[in-house]
Amino acid sequence: LKSNSTLQKAYEGRNKVIDTKSAQNDNIKEKDVDLASQIVFTYFLNGEYKKALDYGEFYLNIYPQESKLQQTMFTVYLSNNESEKAKYIVKNYSLDEQNSDDIVSLAQMNFILGNYDIGLKLLNEAWNVDKNSLKIFDAVEQVSDRTTLLNDVDKAKEENKNEEFHNAVLAKIYSLNE
């Protein structure tokens, strides 16, 4: 694939820049993190899961707290049958508690791992940050086991009787079942 050779050239160019400039320079670091995520994600999309894994782990060693890279590696680990490493990503995720979209991303990872109660709590946190975030409802729509989610929402609603969030999630779940 042409994209693979382009990625290899980009990676080699990256190494030359990093070798000649200070990697601590914020501008270089930001671009390097973005390049890292693109390289890993593109290899993953091209079906080269082992290369995505190798590059991703290389970059995670350099940038262990970068959430975008963590999100990509979560998927890469699952596709490489490395669920313990995916769980590690979730456990050690660099959460921006003021960013609703970031909280939703962590909730989605928890849903994928079957941690519905944690995912629901995180969606509630995202709701508290930004009630207008459509990603909250996108996450509910993507849940594969809506019955479990529905049961967790019902339980949480009983504990927090007038919770606007739980009513909104219930409405979304019911709308999907119609």
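Procedures and definitions
Residues numbered from 1 in each chain as written. Predicted model: local features only at pLDDT ≥ 70, side-chain atom pairs only at ≥ 80, totals over all residues. Heavy atoms only, no water. 1 Å grid on protein atoms, 1.4 Å probe; cavity = no way out; pocket = protein on both sides within 12 Å on 5 of 7 lines; lining within 4 Å. Points joined across faces, edges and corners; volume = space filled by probe spheres on them. Helix = DSSP H or I, 4+ residues; strand = E, 2+ residues; numbered from the N terminus. Nonpolar A, V, L, I, M, F, W, Y, C, P; charged D, E, K, R; others polar. Axes fitted to C-alpha atoms, helices over the stretch in contact; angles between N-to-C directions. Parallel < 35°, antiparallel > 145°, perpendicular 65-115°, else oblique. Contact = heavy atoms within 4.5 Å.

(A) Looking closely at the layout of surface pockets. As a volume, the largest pocket reaches approximately 360 Å³. Every residue lining the largest pocket is counted, 15 residues in all, and those nearest its centre are Gln-71, Thr-75, Ser-105, Gln-108 and Met-109. Counting residues per element, the ones that place at least two in the lining of the largest pocket are helix H2 (26-45), helix H4 (67-79), helix H6 (100-112) and helix H8 (134-142). A breakdown of the residues in the lining of the largest pocket according to their chemical character gives 8 nonpolar, 6 polar and 1 charged.

(B) Quick look at the environment of Asn-92. Relative to the assigned elements, Asn-92 resides in the loop between helix H5 (83-91) and H6. Put simply, Asn-92 and Gln-65 are 27 residues apart on the chain and 8.6 Å apart in space, counted from C-alpha to C-alpha.

(C) Inspection of the packing of H6 against H8 at higher detail. Following both chains from N to C, one finds H6 and H8 inclined at 10°, their axes separated by 9 Å at the closest point. The orientation of H6 with respect to H8, classified from their angle, is roughly parallel. Within the contact between the two elements, H6 uses Ser-100, Asp-101, Val-104 and Gln-108 and H8 uses Lys-135, Ile-136, Ala-139 and Gln-142. Considering only residue class, the contact of H6 with H8 consists of 3 nonpolar, 3 polar and 2 charged.

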